[in-house]
Amino acid sequence: MTIKVQVTSVIQKVVNGQSEFEAEGSVVSELIEDIENKYPGFLQQIANESGELHRFVNVYVNDEDIRFINGKDTPLNSGDVVAFLPALSGGL
Amino acid sequence: MPHIPKKLIDEMIEHAIDDLPNEACGQVNGKNGRPLTVNRVKNSAASPFRYSMDPLAMLKLEQAREETGEYLFAIYHSHVASEAYPSQTDIRQAFFPPGELDRQPMFPDCYYILVSLAHDPPEVRAFRIRQGGLVEEELIKSED
């Protein structure tokens, strides 16, 4: 199923400079795999060598953080919007 | 040297005070080389010691900038009890992945503005964070 993917400027360089594009997947992990196939290097931006998502990368499905749904097993429906958003943080 | 209207500087200070006891954070949008608006962003960390900008709010600001032709002029946050200078954490987190200082910072062309409430009156200073984690202060020229 076709999913609308959104990324912010930090990740755009590995997806040909696009802020929004389409990819396929029935769960988040499949979507990530499809994006990696289309844009090699994407996975390296968002996950470690074991494929676990970096804690400083936030993934949202229709504005819901997948940490509070089902992680990478979060199901997707056609037309869903998935956003990959690096954290911007700091402090003492 | 960043030229920043006093009104915008006051807005950042006001935000820092409003969000006490926690750190406040936000983004300044600009166009044609000039800062235009101060945009408060929720500090998801809700902490006096750290900030984490709400990712969805950041996405929406970025999308809005694409529509209007504006750009990210500055990222600001407050230090509630320490100096207006980027902490080691601030510097590490300016890179993606965090701490990869030999890369370009996430936002190489924008200013990092610190609002310190450690003294009265509050202090506002602007910096660039460069590859290697170098910090360069840029003296703010405040305009009415």
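Higher on the page you've got the structure.
Residues numbered from 1 in each chain as written. Chains lettered and ligands numbered in written order. Predicted model: local features only at pLDDT ≥ 70, side-chain atom pairs only at ≥ 80, totals over all residues. Heavy atoms only, no water.

Asker: So what exactly am I meant to see when it comes to the sheet that holds strand β5 (residues 81-86) of chain A here?
Answerer: Whether parallel or antiparallel, the strands of a sheet pair through hydrogen bonds between backbone atoms. One open sheet accounts for five strands, arranged β2-β1-β5-β3-β4 (chain A); its pairing is mixed. Lying at the two open borders of the sheet, with one neighbouring strand each, are β2 (20-24) and β4 (64-65) of chain A. When strand β1 (residues 2-7) of chain A meets β2(A), the two strands line up antiparallel, connected through five bridges. Following the sheet pairing, Thr2(A) is matched in β2(A) by Glu24(A). Against the sheet, helix α2 (residues 55-68) of chain B contacts β1, β3 (57-61) and β5 of chain A, and its axis sits at roughly 100° relative to β5(A). (Pairing = 2+ DSSP bridges. Helix = DSSP H or I, 4+ residues; strand = E, 2+ residues; numbered from the N terminus. Contact = heavy atoms within 4.5 Å. Axes fitted to C-alpha atoms, helices over the stretch in contact; angles between N-to-C directions.)

Asker: Would you take a moment to explain the interface of chain B and chain A for this structure?
Answerer: Quoted interface sizes are often the accessible area lost when the parts come together. With 28 residues of chain B at the interface, the matching set in chain A holds 22 residues. Carbon and sulfur atoms make up 62% of the surface buried where chain B meets chain A, a total of about 2200 Å² over both sides. Three residues, Pro55(B), Leu56(B) and Phe96(B), lead the burial of chain B against chain A; their summed loss comes to 26% of the area buried on that side. Across the chain B-chain A interface, the total number found is one salt bridge. Ionic pairing is found between Asp63(A) and Lys60(B), a salt bridge with its closest N-O pair at 3.8 Å. Top contributing element to the side of chain B that touches chain A by residue count: α2(B), with eight residues. For the side of chain B that touches chain A, the per-class residue count stands at 13 nonpolar, eight polar and seven charged. The pairing of strand β6 (residues 89-91) of chain A with strand β4 (residues 50-52) of chain B spans three bridges and is classified as antiparallel. Bridging across to β4(B), Ser89(A) finds its partner in Ser52(B). (Buried area = accessible area lost by both parts, 1.4 Å probe. Salt bridge = Lys/Arg side-chain N within 4 Å of Asp/Glu carboxyl O. Nonpolar A, V, L, I, M, F, W, Y, C, P; charged D, E, K, R; others polar.)

Asker: In this structure, what is going on with the nonpolar core? I would like to understand it.
Answerer: Core analysis: the largest hydrophobic core is formed by 48 residues, its most contacted members being Leu31(A), Ile35(A), Phe42(A), Phe84(A), Ile75(B) and Phe107(B). Looking at this core, the element that brings in the most residues is helix α2 (residues 28-38) of chain A, giving four residues. Judged by nonpolar contacts, the second largest core, of 17 residues, contains Ile4(B), Met12(B), Ile13(B) and Ile113(B). (Core = buried A, V, L, I, M, F, W, Y, C linked by side-chain atoms within 4.5 Å. Buried < 20%, exposed > 50% of the residue type's maximum accessible area, 1.4 Å probe, protein only.)

Asker: Which parts of the structure should I look at to understand empty space enclosed by the protein?
Answerer: Unoccupied space between atoms shows up once a probe the size of one water molecule is rolled over them. Scanning all chains against the criterion turns up two cavities of 30 Å³ or more. In this structure, the largest cavity occupies an estimated 50 Å³ of space. Taken together, Leu88(A), Ser89(A), Tyr51(B), His77(B), Pro86(B), Asp90(B), Gln93(B), Ala94(B), Tyr112(B), Leu114(B) and Ile129(B) make up the full set of residues lining the largest cavity. Classifying every residue of the lining of the largest cavity gives seven nonpolar, three polar and one charged. Forming the boundary of the second largest cavity are Thr8(A), Val10(A), Pro86(A), Ala87(A), Leu88(A), Met58(B), Glu62(B), Met106(B) and Phe107(B). Class assignment of the residues belonging to the lining of the second largest cavity gives a composition of seven nonpolar, one polar and one charged. (1 Å grid on protein atoms, 1.4 Å probe; cavity = no way out; pocket = protein on both sides within 12 Å on 5 of 7 lines; lining within 4 Å. Points joined across faces, edges and corners; volume = space filled by probe spheres on them.)

In short, the description is geometric, and any link to function would need to be established separately.
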